[in-house]
Structure formats: C-alpha cells, structure tokens
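Next come the chains, spelled out residue by residue.
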Amino acid sequence: MSSLTDEQKARMEENRRKAMEIRAAKMKQQIPTQSSAAASKHSFPISNNPTTYPKKTFPNTPPGATPQKFYSIQSSKKSVSELRGDLTLISEDRFELNMAYHQTTIDALKKISGREYDSVKKNWNFPLAQYNNVLATLKNLNVLVGELSPLVISTFLKRRKYPSDIDLARIHPSMRSTLMDFQIESVRYAVSRGGRVLIADDMGLGKTIQALAIADYYRNEWPLLIVCPSSMRFQWVAEIHKHLMHVSPETIFVITTGKDALDSSFQVIITSYDLMAKCKDKLLVRKFGVVIMDESHSLKNPKAIRTKVGTEILKKCSRCVLLSGTPALSRPVELHCQLQGVKPQTFNKFMEFGLRYCDGKMSRFGWDFTGSSHMTELSVVLKELLMIRRLKADVLAQLPPKRREVVILESSGKSLSETSEFAKALQKEGLKGLEKQSTMFSYFMETGLSKINGVVQYICDMLDNGEKFLVFAHHAKVLDAICNAVESKKTDYIRIDGSVPSDVRKQLCNHFQEQESCQVAVLSIKAANTGLTLTAARLVIFAELYWNPGDLIQAEDRAHRIGQADSVLVQYLIQEKSVDDIIWPLIQDKLNLLNKAGLCQDKFAVEQVQSKKQEKVESEAADYFLPDDDAVLAELNLDELENSFEMPEKKPRFQ
C-alpha cells in the first residue's frame, strides 16, 4: 500500500509530464535536416559491401607495450577535438594522463622530457614540473582534458618547504625516552605541519603517546582538550599519569555530566563526543590552545551536532591532533569534516572535494557523493599536507602479522535461511529503506541466537586447551550464554560490555593481563573494541560478525598491538545460510574502498577452514543493500535499536 498522498502523486505526475515535454523538444532539435551541410559533411557513407581493413600497427609504441584501445576502427577517424583525457596525481612529483589511444596526441607528448609509459596501466605519466607543457600541448590539439585540481596545484606546484631539523628538546625527557623511532618521526612531522595533523597509524602503534608528545611540545599553549569515546576517558587519564608525570593530577579534569563546571585551574580537560556537544559554550569560552580528538572518524556526519561543535572547536584552536586508525570508515566523503577541522582554509569547498574525490554526480534525488574517485591522488595530497600513516608491518618487525581462520559451525536440521521469516521477507521485491533495515537487524539478531549452541560448544573446546583467549560477540544473550559456559567450566574470566564503567575497565584488563588463572575475556564488539590492551592472549574468537569492518579490525587489535610477542590467530565463527552470508562479503566490499584510498591494507584474508568444508559464498551483498539503504544503515544507532528488544543482564566482572 502506497504511503504517498494524493497531492504528492499529482505533483510527481506533473513533474513527469514536464520532463517528457523537455525531452521531446530536445530530440526534435537533434533531428538532422537535408539542408544541414555540416551533417552531410561528417556523415559516413553506407555500403552493403563489407570492407576489409588491414591490421593496424602502432610503430611509435614502446617495445612490448600494447596501446590502449578505447575506440573501434570507425571511431578512430574522429577528430582530436572529440577526444577526452583526465590528469591525475600518482606521486609527489609525477602525474598521469588517462585517455583513449590517439597517435597524433602521442607523437606530440613524446616531445616532452621525462615522460614514461606504464605498460600495466597503458598510459603515459610525466614529471609534475612538466604539467604546464602537457596541458598546453593537449589544449593546442583541442583535446578536452580534466586538469589537476586546485588543491593539487596549490599543494605541489606551489610547494612549500617544510622544516626538517626540528629540535624536540621542548618535550619532557621522561616522554622522549619512551618514544620509538617511528613515533619520533610522527612528532617531527606534526611540528613541521604547524601542529595540525591527522595521525592515521595502524591500530596498536601508539597513537595516544604520539598525541601526548605533540601536546607536550606545545605545552606553553595549553589548556589541552581531549575528546574521545566515553569508554576511553579514564584510559586517557591513566596515559597522562604514565607519560606526562610533570602534569599535576589536580589540573586534570574529566567531564562526566553536562552540568560540570570548568574551573580555570584545569589545564587538561577530557570529555566524550556527546558531552562535548552538551558543553559547547563552556568549552568554547576556555579557548583551548591544543586539542586532541581520538577516534576522529566520529566526526563523519556533517549534519550531526557533535560534528558541528567539534569542527568549530578545531578551527578556533592553535594546534589540533586527530587520531584514527580508520579515518574513512565507509566513504571518502566522511573524511571531509575531519580535514576541514584540521585545515579549514584548504578544505573549505565541499563541492570541489566531492566532485573530485567522491565521484560526485547529480541523480534524480540531488547530488550523490557516496562514491570514490582519484583515490591515489587523495592519498598523496593528504600525506603531504596533514596525514601520517604507518602500518604495523612497516615499523614493527617484532610484531608478527595476524592470521585469520573461518570456522564453519555445525548446524542441525534445516538452515536458518529456510526457516526464518525475516530471511523470507528479505527476498520479497519492493522491500527497501527503513523497513528493509529493520528486517535485516531482526535477521541479524535471530542469527546470533541460532548460533549459541555451536558457539558454546566451540568455546568449551577451547577452554580445554588451557590457553588465554578473547571472545567477541554483539548481542547480550550471546554474551550471557558464553559467560554461562565459562562458569560451568569453573574458569576465571572477565566480561566487558556497555554496562561496565570506564574506570573499572582498566582494572579488568589488568586482571586479565596479570593473572595466569584468568583465561577468557568476554567482550562486546562495540563496547570493547577500542582503548583496551589485552596482549596476554594470542587467540581472538568472534562469535558474531558485525556490519562495519573497522569495528572488527579494532577488536582484533586488542591483542595484536605493541607488547604482543607472538603471532595472533583470529577465528571467525560462521553459520552458513544465515545473515553471515550477507555480512561477510559486505565487510570485504567496504574494505576494498578503504584500500583504494590508502587508508587500510586489510583484506580479511582467510588461511584455513575448520569443522566443515566451506562452500563458496557468492558476494550478493549488493542485492541486499542499495546505496540509499547503506546510507540509512550508517545513520541508525544499533545500540538504541537493539536495546528496545532486550536489556543486558548484569554478570559478575570477576569469577
């Protein structure tokens, strides 16, 4: 049954009628007439006799290279003015030309010094110093060319020289002595960029200590504001006590309610993103000199209050450090708010950014910036201006890589996809928007409940090995079932979910790290995927999947981080013919987008399958999620939605 009113239907019909009239008028204008000399001049003769064309050769193509063939033999007769090209940056000092093969254009470009032919991409690239020459050559040949963006021109052609001999003596000796070489490099990079940077290091490389070192360098410009997820506020206090011992504890204040007064004696103020929005006026009055925003991808939605307040605070401070291991969780457009906060004068034109890097295009619903384009160029620009990113493999030879396994759970009886009413509803045509998301979440919850028996059995088997491990789940009933299984084995464990206060989490982590008898950490994927160090374990088990790959990677890195001396094995427990068949390929698709932007190198590679032979799962996530569905999914608060179904039962934190 349609939810449209009669007035809306009438307006839609009127718009459709007008569009048809405009289209008919345009088609009428395009009909050629016999008196059109231009049309007869450029038309091709029609013959009933087939023509045999000799094999075309390209004598000026480098040996062993195959020219790019975008046009057929007929289209190769087009004039140069009909050719189009696109220029894009590929490194700090080179750019490439993407266009169809055209011998005349190639002959002209070969006269430019420094040109190189890429036999893999089948295109030409040039030194950035030759940009004006390349552009002039193409324009002289009437080639319609997409030029480099103004951002690239101002960044590289008018390149400023950043200082390299930076003295870090201003940082307290106790802090300097704890920094590794790559962390010192990060501090120098930040200072050379005026103290306004985005540190996008891989998770577990110590972004917190790097941010504190940068803040300590600018100690004379405090007060310091630290904004982070609510669960990590007291973790930041502990890190300050550990690394900035010269900062008096009495000058550190943690905002816990919107009514807290901010005394002028406080030099370090720590708050959550939600409380930041509530305390906007109080925070702006303080005029912070240095601001640290942890997990800065929280500022991805330009319409959210937290984003508006956060960017306003960032613009008014002298120095700011953004921290995020996954700065673009799903789309490049989500980067813009963070970039605008760090460099407001450089990234002040969203439309320009969206068209260049978000594949901006006009749809019938308005502008669509959910895509991605020129990702290599964006990565090069960000690293030059404000972003530093290192992977664990780049800087920590002693940290072994993660290994992943998919464990297929044994299922009894009919599959969930055959018996679930939610699974059947998803197959219906016309299901979309909020109704589709609600059905998917219900299917997600039902899958979690159906996996409990298989998960519990697997966990009990792992307990018999006597090895410490972490186990992640999302739904409260799944977490409860795991805890009950561990208790039945009379095994010591900890549990951290959304009900555990921030100041207690540190104690729980210490108990797991220091007590040999504590074998298991039962953790919530959303509530315990950041700010925790649990390197005493080298096995990580996921009882359930989750929609966002960034959350899964962060959860994995509670064990795979600095301090881990052994190889970490990550096991994903999958139930076939359930919602897992939808979520798993969806995770891989989202990670591929981050890979293109240079923001993630993780592909969820799987080494081995246990318990049962794994059948090939077709990547049909696109059939379930359209672009507008994904946008709705990104905006929904899963915690609020699922809290409406159930309230988590309180479990003992120590057993």
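Rules and cut-offs
- Residues numbered from 1 in each chain as written.
- Predicted model: local features only at pLDDT ≥ 70, side-chain atom pairs only at ≥ 80, totals over all residues.
- Heavy atoms only, no water.
- Helix = DSSP H or I, 4+ residues; strand = E, 2+ residues; numbered from the N terminus.
- Buried < 20%, exposed > 50% of the residue type's maximum accessible area, 1.4 Å probe, protein only.
- Contact = heavy atoms within 4.5 Å.
- Areas by Shrake-Rupley, 256 points an atom, 1.4 Å probe, with all protein chains shown as cover.
- Axes fitted to C-alpha atoms, helices over the stretch in contact; angles between N-to-C directions.
- Left-handed = near helix turned anticlockwise from the far one by under 90°.
- Nonpolar A, V, L, I, M, F, W, Y, C, P; charged D, E, K, R; others polar.
- Phe/Tyr/Trp six-rings, centres within 6.5 Å; stacked < 30°, edge-to-face > 60°.
- Lys NZ or Arg CZ within 6 Å of the ring centre and 35° of its normal.
- Pairing = 2+ DSSP bridges.
- Core = buried A, V, L, I, M, F, W, Y, C linked by side-chain atoms within 4.5 Å.
- Domains from an automatic or database assignment.
- Right-handed = clockwise from strand over helix to strand, strands pointing away.
- Lys, Arg positive; Asp, Glu negative; His and termini not counted.
- Salt bridge = Lys/Arg side-chain N within 4 Å of Asp/Glu carboxyl O.
- Polar contact = N/O pair within 3.5 Å; in protein donor to acceptor, adjacent residues only side chain to side chain.
- pLDDT = per-residue confidence, 0-100.

Further remarks concern the overall build of the chain. Within the chain, the regular secondary structure consists of 27 helices and 21 strands. Residues counted as buried form 51% of the 655 residues belonging to the chain. In the chain, 73% of the contacts between residues at least 6 apart in sequence involve partners at least 24 apart. A total accessible area of about 32,900 Å² is found for the chain, and carbon and sulfur atoms account for 50% of it.

To continue, consider the environment of Gly-85. With respect to the secondary-structure elements, Gly-85 resides in strand β1 (residues 84–89). It is 4.5 Å that separates the C-alpha atoms of Gly-85 and Val-145, two residues lying 60 residues apart in sequence. Discounting chain neighbours no more than four positions away, the residues touching Gly-85 are Leu-97, Asn-98, Met-99, Val-143, Leu-144, Val-145 and Gly-146.

This paragraph deals with the packing of helix α20 (residues 452–463) against helix α21 (residues 476–488). Where α20 contacts α21, the axes come no closer than 10 Å and their chain directions differ by 35°. As α20 packs across α21, the resulting crossing turns out to be right-handed. Only Lys-477, Val-478, Ala-481, Ile-482, Ala-485 and Val-486 of α21 make contact with α20, whose side of the interface consists of Ile-452, Val-455, Val-456, Ile-459, Cys-460 and Leu-463. Residue composition of the contact of α20 with α21, by class: 11 nonpolar, no polar and 1 charged.

In this section: the packing of aromatic side chains. Describing an aromatic ring pair means giving the distance of the ring centres and the angle of the ring planes. Taken as a whole and assessed by the stated rule, the structure comprises 14 aromatic pairs. Where Trp-367 meets Phe-369, the ring centres are 5.8 Å apart and the plane angle is 10°; that geometry is what we call stacked. Residue classification places Trp-367 among the partly exposed positions, given a relative accessible area of 42%. Arranged with centres 5.2 Å apart and planes meeting at 15°, the rings of Phe-472 and Phe-542 form a pair that is stacked. Taken as a pair, Phe-472 in strand β16 (residues 469–473) and Phe-542 in strand β19 (residues 539–542) lie far apart in primary sequence, 70 residues in all. Assigned by exposure class, Phe-472 and Phe-542 land together as buried. Grouping aromatic residues by their ring pairs yields a cluster made of Phe-472, Phe-542, Tyr-572 and Trp-584. Its end group placed over the ring of Phe-512, Lys-468 keeps NZ or CZ at 4.4 Å from the ring centre.

Here the focus is the sheet that holds strand β3 (residues 116–118). Each strand in a sheet pairs with another by means of backbone hydrogen bonds, the pair being arranged parallel or else antiparallel. Across the sheet, 5 strands lie side by side as β3-β4-β2-β1-β5; this open sheet has mixed pairing. With partners counted over all chains shown, the strands left at the sheet margins are β3 and β5 (144–146), one partner each. Across the sheet, the axes of successive neighbouring strands diverge by a mean angle of 30°, strand direction being ignored. The pairing of β3 with strand β4 (residues 123–127) spans 3 bridges and is antiparallel. Each residue of the ladder has a partner; that of Tyr-117, found in β4, is Trp-124.

Okay, the nonpolar core next. A general feature of soluble globular proteins is that nonpolar side chains tend to end up buried together. Counting 66 residues, the largest nonpolar core has Leu-87, Phe-95, Leu-283 and Met-293 as its most contacted members. At 6 residues, the largest contribution of residues to this core is made by helix α15 (residues 375–385). Inspection of this core shows a minimum of three residues originating in each of domain 1 (84–148) and domain 2 (173–394). Beyond its immediate stretch of four places on either side in the chain, Phe-95 contacts Leu-87, Thr-88, Leu-89, Ile-90, Asn-125, Phe-126, Pro-127, Leu-128, Gln-130, Tyr-131, Val-134 and Leu-148. By size, the runner-up hydrophobic cluster in this structure holds 44 residues, among which are Ile-525, Leu-532, Val-540 and Tyr-546.

What follows covers the sheet that holds strand β7 (residues 224–228). Taken in spatial order, the 7 strands line up as β8-β9-β7-β10-β11-β6-β14 in an open sheet, and their pairing is parallel. The outermost strands of the open sheet, each flanked by one partner alone, are β8 (252–254) and β14 (387–388). In this sheet, β14 lies alongside strand β6 (residues 196–199) in parallel orientation, the contact comprising 2 bridges. The residue of β14 that forms the bridge with Leu-198 is Met-387. Lying over the sheet, helix α8 (residues 207–217) contacts β6, β7, β10 (290–294) and β11 (319–323), oriented at roughly 180° with respect to β11.

Counting buried positions along strand β18 (residues 518–524) gives 7 out of 7 residues, so the element sits mostly inside the fold. Each parallel crossover has a hand, and for strand β17 (residues 492–496) linked through helix α22 (residues 502–514) to β18 it is right-handed.

A few words on the environment of Ile-166. For Ile-166, the position within the fold is in the loop between α5 (150–157) and α6 (173–176). In the structure, Ile-166 is positioned 25 residues away from Val-191 in sequence and 7.7 Å away in space, judged by C-alpha atoms.

For Glu-544, the position within the fold is in the loop between β19 and α23 (549–556). No salt bridge is formed by the buried Glu-544; the nearest opposite charge belongs to Lys-451, separated by 6.3 Å. Among the polar contacts listed, one links the side chain of Glu-544 to the side chain of His-475, at a separation of 2.7 Å. When neighbours within four sequence positions are excluded, Glu-544 is seen to be in contact with Gly-448, Lys-451, Phe-472, Ala-473, His-474, His-475, Val-478 and Ile-525.

On to the confidence of the model for the chain. Confidence in the prediction for the chain averages 80 pLDDT; 78% of positions are at 70 or higher. Taken element by element, the predicted model of the chain shows its lowest mean pLDDT in helix α25 (residues 621–624) (38) and its highest in β11 (97). Here residues 33–78 is a poorly scored stretch, pLDDT under 50, and it has 35 contacts once near neighbours within four places are set aside; other chains count. In this model residues 607–655 is a low-confidence stretch, pLDDT under 50, and it forms 103 contacts with partners more than four residues away in sequence or in other chains.

All right, on to the pairing of β17 then. Of all 5 residues that make up β17, 5 are buried, and the element is covered over most of its length. A two-sided burial pattern is seen for β17, the buried positions comprising Asp-492, Ile-494 and Ile-496 on one face and Tyr-493 and Arg-495 on the other. Here 5 bridges tie β17 to β18, and the two strands are oriented parallel to one another. Counted as the bridge partner of Tyr-493 is Val-520 from β18.

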